[in-house]
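Descriptive analysis of the structure
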Amino acid sequence: MNLEISVNSIIDKDINKYIPIYERLLEKTFNILNINRDAFVSVTFVDKNYIHELNRDYRNIDRPTDVISFAFLDDKNEVIKGDLPLDLGEIYICYDVADENRISYGNSIEREICFLFVHGLLHLLGYDHMSKEEEEIMFPLQEKILEGELSK
């Protein structure tokens, strides 16, 4: 299985330290979900203005947010079909909002940035939290993937 991540940044932060962590989290996610496929995901770190525009233009929510995912798959069941490498989609993480969340939740910035990656990745794989039932699946899965990876 070949899993690739492209990590980009339009902000003035050194994000290179997250690349090996994201690679490990991607592999762990695929193992936990029993997905045995080649896959690619793109992650871009953005500022508040950029994510605000994305949130407004694509979700009709006129405020910044911490993470937005654009999945190239519409249904998580599509993941197991075929044998071509999967281009899962794009994850946009706002470092500034993540830093604000870190303070609110009492997390390290590393844990918050990794949480947002896993959260976005699960959205790309078809998971959601629009209902209580979906939350009860997605939220424990996030914690299982992050378990043992970083200190709080």
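Residues numbered from 1 in each chain as written. Predicted model: local features only at pLDDT ≥ 70, side-chain atom pairs only at ≥ 80, totals over all residues. Heavy atoms only, no water.

**Considering the overall build of the protein**
Of the regular secondary structure elements, the protein holds five helices and four strands. Starting at the N terminus, the α and β elements of the protein follow one another as β-α-β-α-β-β-α-α-α. In terms of overall size, the protein behaves like a compact globule, its C-alpha atoms giving a radius of gyration of 15 Å where 152 residues would be expected to give roughly 15 Å. Each of the three principal axes of the protein carries a C-alpha extent, and together these read 40 × 35 × 30 Å. Looking at the protein as a whole, 43% of its 152 residues are labelled buried. Accessible area of the protein: about 8400 Å², with a carbon and sulfur share of 44%. The distance from the centre of the 16 positive side-chain charges to the centre of the 30 negative ones in the protein is 5 Å. (Helix = DSSP H or I, 4+ residues; strand = E, 2+ residues; numbered from the N terminus. Rg over C-alpha atoms; globule rule 2.2 N^0.38 Å. Buried < 20%, exposed > 50% of the residue type's maximum accessible area, 1.4 Å probe, protein only. Areas by Shrake-Rupley, 256 points an atom, 1.4 Å probe, with all protein chains shown as cover. Lys, Arg positive; Asp, Glu negative; His and termini not counted. Charge placed at Lys NZ, Arg CZ, Asp CG, Glu CD.)

**Here we look at the nonpolar core**
Ranked by size, the top nonpolar core spans 40 residues in total, and within it Tyr22, Phe45, Ile93 and Phe117 carry the most contacts. For this core, the elements supplying multiple residues, two or more each, are strand E1 (3-9), helix H1 (18-32), strand E2 (39-46), strand E4 (86-94), helix H3 (95-105), helix H4 (109-124) and helix H5 (132-146). Once residues within four sequence positions are removed from consideration, Ile93 is found in contact with Tyr22, Val43, Thr44, Phe45, Val46, Ile51, Asp66, Val67, Ile113, Leu116 and Phe117. Listed in part, the seven residues of the second largest apolar core include Ile51, Ile68, Tyr92 and Val97. (Core = buried A, V, L, I, M, F, W, Y, C linked by side-chain atoms within 4.5 Å. Contact = heavy atoms within 4.5 Å.)

**Some remarks on the environment of Phe30**
For Phe30, the position within the fold is in helix H1. On the basis of relative accessibility, which here comes to 0%, the residue Phe30 falls in the buried class. Those residues in contact with Phe30, other than ones at most four positions away along the chain, are Met1, Leu3, Ile35, Arg37, Ala39, Leu88 and Leu125.

**Description of the packing of H1 against H4**
One can describe the packing of H1 onto H4 by two numbers: an axis separation of 11 Å at closest approach and a directional angle of 40°. As summarised for this structure, H1 and H4 are arranged oblique, according to the angle between their axes. Viewed along their axes, H1 and H4 form a crossing whose handedness is right-handed. For the pair formed by H1 and H4, the contact residues are Tyr18, Ile21, Tyr22, Leu25, Leu26 and Thr29 on the first element and Ile109, Glu110, Ile113, Cys114, Phe117, Val118, Leu121 and Leu122 on the second. Of the residues contributing to the contact of H1 with H4, the split by class is twelve nonpolar, one polar and one charged. (Axes fitted to C-alpha atoms, helices over the stretch in contact; angles between N-to-C directions. Parallel < 35°, antiparallel > 145°, perpendicular 65-115°, else oblique. Left-handed = near helix turned anticlockwise from the far one by under 90°. Nonpolar A, V, L, I, M, F, W, Y, C, P; charged D, E, K, R; others polar.)

**Structural notes on the pairing of E4**
The buried fraction of E4 is high, at seven of nine residues. Relative to E4, E2 is paired through eight bridges, and the arrangement is parallel. Along E4, the bridge assignment pairs Thr44 with Tyr92. Both strand E3 (residues 67-71) and E4 contribute to a ladder of five bridges, which runs antiparallel. Following the sheet pairing, Ala71 is matched in E4 by Gly89. (Pairing = 2+ DSSP bridges.)

**What to know about the environment of Glu110**
Tracing the chain through its elements places Glu110 in helix H4. Taking the C-alpha atoms as reference points, Glu110 and Lys17, separated by 93 residues in sequence, lie 9.4 Å from one another.

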